[in-house]
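Residues per chain are reported as follows:
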2 protein chains.
Amino acid sequence: MSTIYEVAALAGVSPATVSRVFNGLSVSSEKIRLVRDAAEVLKFTPNRTARRLRNQSSELIALLIPDIENPFFTALARGVEDRAQQSGYSVVLCNTDDDPDKETNYLDIAVSENMAGIILAPASADGDLAHVVSRGRPMVAVDRSTGFDIDAVMVDNRAAGIAATNALFDAGYSRVACIAGPVGIETTEERSLGWRQVVTRRGNPAGHDDYLQHANYRVDGGRAAMRTLLDLPTPPDAVVTTNNLMGVGALQILSEAGITPPEFGVAVVGDLPFTTLLPDAITQVHLPARHLGTTAASMLMERIAGDTQPARTIVLRASVTQGATPVPTAR
Amino acid sequence: MSTIYEVAALAGVSPATVSRVFNGLSVSSEKIRLVRDAAEVLKFTPNRTARRLRNQSSELIALLIPDIENPFFTALARGVEDRAQQSGYSVVLCNTDDDPDKETNYLDIAVSENMAGIILAPASADGDLAHVVSRGRPMVAVDRSTGFDIDAVMVDNRAAGIAATNALFDAGYSRVACIAGPVGIETTEERSLGWRQVVTRRGNPAGHDDYLQHANYRVDGGRAAMRTLLDLPTPPDAVVTTNNLMGVGALQILSEAGITPPEFGVAVVGDLPFTTLLPDAITQVHLPARHLGTTAASMLMERIAGDTQPARTIVLRASVTQGATPVPTAR
DNA sequence: AGACCGTAAGAAATCGGTTTCGTCAATACC
DNA sequence: GGTATTGACGAAACCGATTTCTTACGGTCT
């Protein structure tokens, strides 16, 4: 682990000059050569920790996501990484598990590690961001909003819920249920509001409050909710799930019950990852996960570069792939 | 961003004493109280960068994986994270895209960031690890081996390939093909060797070298290979895929061709993520991805703690879920 | 009482870069 | 030719914690 002092000694110059060479400041070509040669010999790599202590900032950005095993968030992470890499930044990925304590812990780390900026998919709406914001660290919220006045990139979740529900009615289904996530989570809540809006207008039969099921937003949650729906006295003939994993769970239950999608309508808000069978029969509202990531990263890069305009919120739209779903003649 | 000096001034003690309080060294209870109060008032958090520069090490470990969008690796990452968290370490996730240059870049960063250790799923067998190893940084290879004498955690890939192939023959299939990954990748290569071993013993018809297809190991690779297999003059009646994503691709093509699994045997080395339909008809050789992660992390923690025994290699076994797959009577 | 010991705590060195400040020499301008 | 200006570059301060070295003090042992 050679240091700048050793390089300086070998090259016969001062440490300051070595530093200048590596930062492209004005140095005579003569000494540049000497320093480069010495650095080559010693396999010198500048110590980022020391540099960071002095500069009070690093080329690292933190990305906090609730669930690293959800393909939506990995696609988002991919987007962030691609964009960050372009600007010479590396991404540190942290898994918060939707646990506010873990989130706070990672935020503290990001700040005390002097990271250049933070992209956060907030675990809850009332996380403790005051700490970070007051430190003036650039931060961008993604996917979910915060109670703070910071940059944000969102999806129009209401519209996504509306689109999914409309697609099912358009295909001819008439009793459209909804599997929504837990009550506290903004994204799935907005999407289920979209569902409700369409359903009251386009005519689910009245009195079916039980068509809205709340579940945890993982595969097992989708399974449980779908089971409940099928067991209702008057089961629905179609369902909207407000995220990808619950969609997987719902489809699993349908399959196990011997029901195949055109027979029962399924619309998923989010992309069904790695589907193996019959994807065409399903309506998907594609969320621009990767684009969400690149956009958030771009905003963050601007802030890091010193942009001080007031906080912006960018809203991206989802796009629909209508299931090629003729409703069965005998309903 | 208050510093230890400000805390010291407010508490009326020296910076050294503040440091001692925060590190649990002997200080009178009187001053401990003074310091804690002052720290409380100033919302003091020790600057990790400074601490790290001094200590030459941090509580951060780097995890380098080839593909963050592959559920196998995210499960592995989850395992690493869980174990690391227990010991108070945080995990930095880096995506190498199987690109040796990116890998080298991230390794350099890990070293010059003074990270405590590295867990690496190597992009290629001949990556440039000399750099890191010579620096004496603790490092553990996972999933794939390196040419270097370092700790490693692997799966018995040969046995996994054998198990998958045997399962298909046991179920009554007689022409078992194999979709393998690219030639350079150790894991899928070993698995396809397992396939070959069984096939030559249990009797694929001779002369079917074209039953072994190489493809990129992503979904589209599996799709392409499966198409090729179906178009053969004498197509196979079953297939082994040597990883999860190619399995997804193969199943997609079968589905699009109107062929459903019990009719055509499918065994996948790896877990099919988020399957929606008919999972029971498929043989899966479950790879202990998460366990791989926790094991690697445990080994790394031991090394970080100062363990200097010779390098070990731990080999984990895969477990089979035999597809409930009666071979169709009319073959 | 005097030598000895252990503990608490401050002063200062240290980690490895970056940056300011000042020096010196070379070029520019009148 | 003499003064102003510019540019290269070394010395030293600095970022914020940790740790060694020292000093001072209270108590113990002979």
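As the structure is a computational prediction, the values presented were derived from the model and not from experiment.

Undergrad: When you look at the protein's contact with DNA strand D in this model, what are you seeing that I'm missing?
TA: The full set close to DNA strand D counts 27 residues, and Ser14, Thr17 and Ser26 of chain A together with Ile4 and Arg54 of chain B are the nearest of them. Each atom of DNA strand D within 4 Å of the protein was classed as base or backbone; sugar and phosphate made up 63%. A distance of 2.7 Å is found between a base nitrogen of DNA strand D and a side-chain nitrogen or oxygen belonging to arginine 20 of chain A. At 2.8 Å from a phosphate oxygen of DNA strand D is found a side-chain nitrogen or oxygen belonging to arginine 51 of chain B. Contributing elements (two or more residues each) for the surface near DNA strand D: helix H2 (15-22) and helix H4 (48-55) of chain A together with helix H1 (4-11), helix H2 (15-22) and helix H4 (48-55) of chain B. A per-element tally of the surface near DNA strand D places H4 of chain B first, with four residues.

Undergrad: Even after reading the chapter, I still don't get the nonpolar core, so can you show me in this structure?
TA: The nonpolar side chains of a soluble globular protein tend to be buried with one another. One finds Ile61, Leu63 and Ile119 of chain A together with Ile61, Leu63 and Ile119 of chain B to be the most contacted residues of the largest nonpolar core, which totals 150 residues. Leaving out residues up to four positions away in the same chain, leucine 63 of chain A has contacts with Leu76, Ala77, Val80, Val91, Val92, Leu93, Cys94 and Ile119 of chain A. If you look at the next biggest cluster of nonpolar residues, it comprises 40 residues, including Ala62 and Ile118 of chain A together with Ala110 and Met115 of chain B.

Undergrad: What is the right way to look at the sheet that holds strand E5 (residues 151-155) of chain B in this model?
TA: Pairing between the strands of a sheet is mediated by backbone hydrogen bonds and can be parallel or antiparallel. All names here are of chain B. Strand order in the open sheet made by the six strands is E2-E1-E3-E4-E5-E11, with parallel pairing throughout. Two strands in the sheet have a free side with no partner beyond their single neighbour: strand E2 (90-95) and strand E11 (313-316). Neighbouring strand axes in the sheet, compared pairwise and without regard to direction, differ in orientation by 15 degrees on average. Where strand E4 (residues 139-142) and E5 come together, three bridges link them in parallel fashion. Among the inter-strand pairings, alanine 141 is bridged to a residue of E5, identified as alanine 152.

Undergrad: Any chance you could explain the packing of aromatic side chains here in plain terms?
TA: The relation between two aromatic rings is expressed through the spacing of the ring centres and the mutual angle of the planes. Residue and element names in this part refer to chain A. All told, the structure shown has four aromatic pairs over all chains when counted by the stated rule. Judged by centre distance (5.2 Å) and plane angle (75 degrees), the ring pair of phenylalanine 22 and phenylalanine 44 falls under edge-to-face. Note that phenylalanine 22 is positioned in helix H2 and phenylalanine 44 in the loop between helix H3 (29-42) and H4, a separation of 22 residues in sequence. The class for phenylalanine 22 is partly exposed, based on a relative accessible area of 30%. Here the guanidinium or amino end of arginine 36 rests over the ring plane of phenylalanine 22, the centre of that ring lying 5.9 Å away.

Undergrad: Just checking my understanding: could you explain helix H11 (residues 244-256) of chain B for this structure?
TA: The α-helix winds at 3.6 residues per turn, so residues separated by three or four positions along the chain end up facing the same way. Residue and element names in this part refer to chain B. The end-to-end C-alpha separation of H11 is 19 Å, in line with the 18 Å expected for 13 residues at 1.5 Å each. Looking at the buried positions of H11, the neighbouring elements they touch are helix H5 (71-86), strand E6 (176-180), helix H10 (219-230), strand E8 (238-241) and strand E9 (265-269). One or two steps after H11, the chain reaches glycine 258, where phi turns positive at roughly 75 degrees.

Undergrad: What should I look at first to understand the interface of chain A and chain B in this one?
TA: With 49 residues of chain A in contact, the opposing surface of chain B contributes 49 residues. A buried area of about 5,000 Å², summed over both sides, lies between chain A and chain B, and 54% of it is on carbon and sulfur atoms. Our enumeration of links across chain A and chain B arrives at ten salt bridges. For glutamate 69 of chain A, the salt bridge goes to arginine 290 of chain B, with nearest N and O atoms at 3.8 Å. The interface formed by chain A and chain B contains 14 residue pairs in polar contact (both at pLDDT 80 or more). Elements that contribute at least two residues to the side of chain A that touches chain B include exactly H4, helix H5 (71-86), strand E2 (90-95), helix H6 (100-112) and helix H11 (244-256) of chain A. Per element, the largest residue contribution to the side of chain A that touches chain B is seven residues, and it comes from H5 of chain A. A breakdown of the residues in the side of chain A that touches chain B according to their chemical character gives 23 nonpolar, 14 polar and twelve charged.

Undergrad: Before we go on, may I ask you to explain the protein's contact with DNA strand C in this structure?
TA: Residues in close proximity to DNA strand C total 27 residues, the closest being Ile4 and Ser19 of chain A together with Ser14, Thr17 and Arg54 of chain B. At the protein interface, 62% of the atoms of DNA strand C within 4 Å belong to sugar or phosphate. One nitrogen or oxygen atom from the side chain of threonine 17 of chain B is found 2.4 Å from a phosphate oxygen belonging to DNA strand C. Note that a base oxygen of DNA strand C is positioned 2.7 Å from one of the side-chain N or O atoms of arginine 54 of chain B. Of all the secondary-structure elements, those providing two or more residues to the surface near DNA strand C are helix H1 (4-11), H2 and H4 of chain A together with H2 and H4 of chain B. When residues of the surface near DNA strand C are assigned to their parent elements, the largest contribution, four residues, is made by H4 of chain A.

Undergrad: In this structure, what is going on with the relation of the copies chain A and chain B? I would like to understand it.
TA: Comparison of the two chain copies shows a relationship of rotation about an axis with a shift along it. For the pair chain A and chain B, the superposition axis carries a translation of 0.0 Å, the fit reaches an RMSD of 0.1 Å, and the rotation angle comes to 180 degrees. Seen this way, the second copy is the image of the first under a two-fold rotation axis. Comparing interface residues between copies, 100% of those in chain A also sit at the interface in chain B, which points to an isologous, same-surface contact.

Undergrad: Hey, could you run me through the packing of helix H8 (residues 157-170) of chain A against helix H9 (residues 186-202) of chain A in this one?
TA: How two helices sit against one another is set out by the angle between their axes and by the gap between those axes. Residue and element names in this part refer to chain A. Running from N to C, H8 and H9 cross one another at 40 degrees; their axes reach a closest spacing of 7 Å. Viewed along their axes, H8 and H9 adopt a mutual orientation that is oblique. Taken as a pair, H8 and H9 cross one another with a handedness that is right-handed. On H9, the residues touching Asn157, Arg158, Gly161, Ile162, Thr165, Asn166, Phe169 and Asp170 of H8 are Thr187, Glu190, Arg191, Leu193, Gly194, Trp195, Gln197, Val198, Val199, Arg201 and Arg202. Tallied by class, residues from the contact of H8 with H9 come to six nonpolar, seven polar and six charged.

Undergrad: Could you clarify how one ought to interpret the domain arrangement of chain A in this entry?
TA: For interface size, the figure often reported is the accessible area lost on association. Residue and element names in this part refer to chain A. The domain boundaries assigned to chain A delineate domain 1 (4-46), domain 2 (58-156 + 289-317) and domain 3 (157-287). One C-alpha centre belongs to domain 2, the other to domain 3; they are set 29 Å apart. At the interface, 13 residues of domain 2 touch 15 residues of domain 3. Carbon and sulfur atoms make up 46% of the surface buried where domain 2 meets domain 3, a total of about 1,200 Å² over both sides. Interface area lost by domain 2 to domain 3 is led by Arg144, Val155 and Asp156, which between them contribute 35%. On the surface where domain 2 and domain 3 come into contact, there are one salt bridge. Counting every contact that joins domain 2 to domain 3 gives eight residue pairs in polar contact (both at pLDDT 80 or more).

Undergrad: How do you make sense of the side chain of asparagine 95 of chain A when you look at a structure like this?
TA: Locating asparagine 95 of chain A in the fold gives a position in strand E2. Engagement of the side chain of asparagine 95 of chain A in a polar contact is seen with the backbone nitrogen of isoleucine 68 of chain A, the distance being 2.8 Å. A polar side-chain atom of asparagine 95 of chain A sits 3.2 Å from a polar atom in the side chain of glutamate 81 of chain B. The contacts of asparagine 95 of chain A, once residues within four sequence positions are left out, are Ile65, Pro66, Asp67, Ile68, Lys102 and Tyr106 of chain A together with Arg78 and Glu81 of chain B.

Undergrad: Please clarify how the sheet that holds strand E11 (residues 313-316) of chain A should be interpreted in this entry.
TA: Residues and elements named next belong to chain A. As summarised here, the arrangement of the six strands in space is E2-E1-E3-E4-E5-E11, forming an open sheet in which the pairing is parallel. Every interior strand has two partners, whereas the edge strands, E2 and E11, have only one. Sheet twist, expressed as the average angle between the axes of neighbouring strands with direction ignored, equals 15 degrees. In terms of strand pairing, strand E1 (residues 60-65) meets E2 through six bridges, oriented parallel. By the bridge assignment, leucine 60 is partnered in E2 with serine 90.

Calculation rules
Residues numbered from 1 in each chain as written. Chains lettered and ligands numbered in written order. Predicted model: local features only at pLDDT ≥ 70, side-chain atom pairs only at ≥ 80, totals over all residues. Heavy atoms only, no water. Near = heavy atom within 4 Å. Polar contact = N/O pair within 3.5 Å; in protein donor to acceptor, adjacent residues only side chain to side chain. Helix = DSSP H or I, 4+ residues; strand = E, 2+ residues; numbered from the N terminus. Core = buried A, V, L, I, M, F, W, Y, C linked by side-chain atoms within 4.5 Å. Buried < 20%, exposed > 50% of the residue type's maximum accessible area, 1.4 Å probe, protein only. Contact = heavy atoms within 4.5 Å. Pairing = 2+ DSSP bridges. Axes fitted to C-alpha atoms, helices over the stretch in contact; angles between N-to-C directions. Phe/Tyr/Trp six-rings, centres within 6.5 Å; stacked < 30°, edge-to-face > 60°. Lys NZ or Arg CZ within 6 Å of the ring centre and 35° of its normal. Expected span 1.5 Å × (residues − 1). Buried area = accessible area lost by both parts, 1.4 Å probe. Salt bridge = Lys/Arg side-chain N within 4 Å of Asp/Glu carboxyl O. Nonpolar A, V, L, I, M, F, W, Y, C, P; charged D, E, K, R; others polar. Least-squares fit on C-alpha atoms with pLDDT ≥ 70 in both. Parallel < 35°, antiparallel > 145°, perpendicular 65-115°, else oblique. Left-handed = near helix turned anticlockwise from the far one by under 90°. Domains from an automatic or database assignment.

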